[in-house]
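Per-entry structural report
Listed below are the residues making up each chain.
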Protein chains: 2
Amino acid sequence: MTTDASPHSPPPDTDPDADLRPLEIAGHRIDILDGAFSWFIRSLDSVVSRDLDARMGHLEVAKGKGKITALLLIDDYPGIRPSEIAEVLMRDRPTTGRIIDRMVQAGLVSRGVSAHDQRAQSLTITPAGHDLAEKVREIIRQQEAEFFDFIAPEDRAQFMRILRRTYMRMRSKWT
Amino acid sequence: MTTDASPHSPPPDTDPDADLRPLEIAGHRIDILDGAFSWFIRSLDSVVSRDLDARMGHLEVAKGKGKITALLLIDDYPGIRPSEIAEVLMRDRPTTGRIIDRMVQAGLVSRGVSAHDQRAQSLTITPAGHDLAEKVREIIRQQEAEFFDFIAPEDRAQFMRILRRTYMRMRSKWT
DNA sequence: AAACACAGTTGCATTTCACAACCATAACAG
DNA sequence: CTGTTATGGTTGTGAAATGCAACTGTGTTT
């Protein structure tokens, strides 16, 4: 039994042993999930995504995991094709196509026909889309600053390194 | 085939500078998202969740983010109430209630009335539910081993430490 | 006794997402 | 150059997650 009844809950940031104790969330331990990377990643996803939705609620790319990436890709790679975006997103083509539909309807992106392949589309950003991309970048920067700046710089580099490697590794397993 | 024609794409695992280069995903850089923790967390979530679904596809708790945690909580805390689970999950009560509905229907959990509060429910695991919880723990262990064992032990502790702290910090911001 | 707070349920309404089937174009085989 | 196969994108459909508002019943407070 931990000292739960204690009237003063010490700020976790200042307790050196915090990392060794079983985690308590809303007063409950979480079993094997406490040591599971996957659980923290999945839980962090919820929080990060909600926060991002709150920040972007009024923009045309809120909600869902693909819109932001798609927008920035089209901004950076004029002429990119939907199937390329689908591959980056790891979504199927119908799903990706509908994401693009919405962006076209919102006037952020325009569809053209690829010069070399009549089947393929050539996506380009519109001025409004480019403006939005800039806003999105700024929002991402802000969120990163607010949520992750507390991590010490050395830790941050390490954290990013592991995240990147894990992501690439899992990606390659999937495809 | 490791002899890639491109001058700059050696196998990432063996390249010491891999962490310094911009990441390429399906041949495309991902703009500011490359340095964004949130993007990697959100993307990792997709991959991890899909993998978990694949592993659990046949069990009664596949898909969705709350079922596994709820099952283990009920297994560990007999008599726990739905609202407590909702708080851990950071989901609203209707959502949590429906998760529990499905588990009750599947014979994993039984609902009772709390001894001290006629409004509240007292959830307990059934033998079938307990068996499933054991299976789930084993699957989690396997996934962790397969996906994260490549991280060096020291790095792993560090990674977990940062994940935990980030999670707790974000949680406290939300509530 | 009335007002308020809390636990859980029900009814929507929204959004996401994947699979299958389909059309058009391209690439390739004979 | 013709038939077959592969590729890019769209449409149809259904399953599932999730969240908000409104409701019932119970506890708590004034």
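The present account deals with the structure reproduced in this document. (Residues numbered from 1 in each chain as written. Chains lettered and ligands numbered in written order. Predicted model: local features only at pLDDT ≥ 70, side-chain atom pairs only at ≥ 80, totals over all residues. Heavy atoms only, no water.)

**Description of the overall build of chain A**
Counting its regular elements, chain A contains six helices and two strands. In chain A, the succession of helices and strands from N to C terminus is α-α-α-α-β-β-α-α. Buried positions account for 47% of the 175 residues belonging to chain A. Contacts in chain A between residues at least 24 apart in sequence constitute 47% of all its contacts with a sequence separation of at least 6. Summed over its atoms, the accessible surface of chain A is roughly 9,000 Å², and 52% of this surface lies on carbon and sulfur atoms. (Helix = DSSP H or I, 4+ residues; strand = E, 2+ residues; numbered from the N terminus. Buried < 20%, exposed > 50% of the residue type's maximum accessible area, 1.4 Å probe, protein only. Contact = heavy atoms within 4.5 Å. Areas by Shrake-Rupley, 256 points an atom, 1.4 Å probe, with all protein chains shown as cover.)

**So, the protein's contact with DNA strand C**
Around DNA strand C sit 24 residues in total, of which A:Lys67, A:Arg119, B:Pro82, B:Ser83 and B:Gln121 are the nearest. If you look at DNA strand C and keep only atoms within 4 Å of the protein, 57% of those are sugar or phosphate atoms. Between a base nitrogen of DNA strand C and a side-chain N or O atom of A:Arg98, the distance comes to 3.2 Å. For DNA strand C, a base oxygen lies 2.9 Å from a polar atom in the side chain of B:Arg119. Elements with a contribution of two residues or more to the surface near DNA strand C: helix H4 (93-105) of chain A together with helix H3 (82-89) and helix H4 (93-105) of chain B. Grouping the amino acids of the surface near DNA strand C by side-chain chemistry returns four nonpolar, six polar and 14 charged. (Near = heavy atom within 4 Å. Polar contact = N/O pair within 3.5 Å; in protein donor to acceptor, adjacent residues only side chain to side chain. Nonpolar A, V, L, I, M, F, W, Y, C, P; charged D, E, K, R; others polar.)

**Concerning the interface of chain A and chain B**
Accessible area lost when the parts come together is the quantity often used to give the size of an interface. Across the boundary between the two partners, chain A contributes 77 residues, which contact 76 residues of chain B. Of the roughly 8,300 Å² buried between chain A and chain B on both sides combined, carbon and sulfur atoms contribute 67%. Interface area lost by chain A to chain B is led by A:Phe37, A:Arg42 and A:Arg164, which between them contribute 11%. Between the two partners, chain A and chain B, sit 27 residue pairs in polar contact (both at pLDDT 80 or more). Mapped onto the side of chain A that touches chain B, the elements with two or more residues apiece are helix H1 (37-56), helix H2 (67-76), helix H3 (82-89), helix H5 (127-148) and helix H6 (153-174) of chain A. Per-element accounting of the side of chain A that touches chain B gives the leading share, 18 residues, to H6(A). A breakdown of the residues in the side of chain A that touches chain B according to their chemical character gives 37 nonpolar, 12 polar and 28 charged. (Buried area = accessible area lost by both parts, 1.4 Å probe.)

**A closer look at the relation of the copies chain A and chain B**
When chain A is fitted to chain B, the residual RMSD is 0.1 Å, and the transformation amounts to a turn of 180° plus an axial shift of 0.0 Å. Viewed as a symmetry operation, the transformation between the two copies matches a two-fold axis. A share of 99% of the interface residues of chain A reappears at the interface of chain B, consistent with the copies meeting face to face through the same patch. (Least-squares fit on C-alpha atoms with pLDDT ≥ 70 in both.)

**What about the packing of H2(A) against H5(A)?**
All names here are of chain A. The geometry of H2 relative to H5 is characterised by a closest axis approach of 10 Å and an angle of 125° between their N-to-C directions. By the angle between their directions, the pair H2 and H5 is classed as oblique. Considering how the two elements wind past one another, H2 and H5 form a crossing that is left-handed. Along the contact surface, H2 presents Ile68, Leu71, Leu72, Asp75 and Asp76, while H5 presents Gly129, His130, Leu132, Ala133, Val136, Arg137 and Ile140. For the contact of H2 with H5, the residue count by class is seven nonpolar, two polar and three charged. (Axes fitted to C-alpha atoms, helices over the stretch in contact; angles between N-to-C directions. Parallel < 35°, antiparallel > 145°, perpendicular 65-115°, else oblique. Left-handed = near helix turned anticlockwise from the far one by under 90°.)

**So, the environment of B:Ile68**
Within the element layout of this structure, B:Ile68 appears in helix H2 (residues 67-76). The exposure class assigned to B:Ile68 is buried, which follows from its relative accessible area of 7%. Setting aside chain neighbours within four positions, we find B:Ile68 in contact with A:Leu33, B:Leu52, B:Met56, B:Val61, B:Val136 and B:Ile140.

**Some points on unusual backbone geometry**
Residue and element names in this part refer to chain B. One non-glycine residue with positive phi stands out, namely alanine 26, at about 50°. With respect to the helices and strands, the residue alanine 26 is situated in the segment before helix H1 (37-56). Using a relative accessible area of 29% as the deciding quantity, one classes alanine 26 as partly exposed. The backbone of aspartate 31 sits at a positive phi, close to 60°, despite the residue not being glycine. Turning to its location among the elements, aspartate 31 is positioned in the segment before H1. Its relative accessible area of 22% is what places aspartate 31 among the partly exposed residues.

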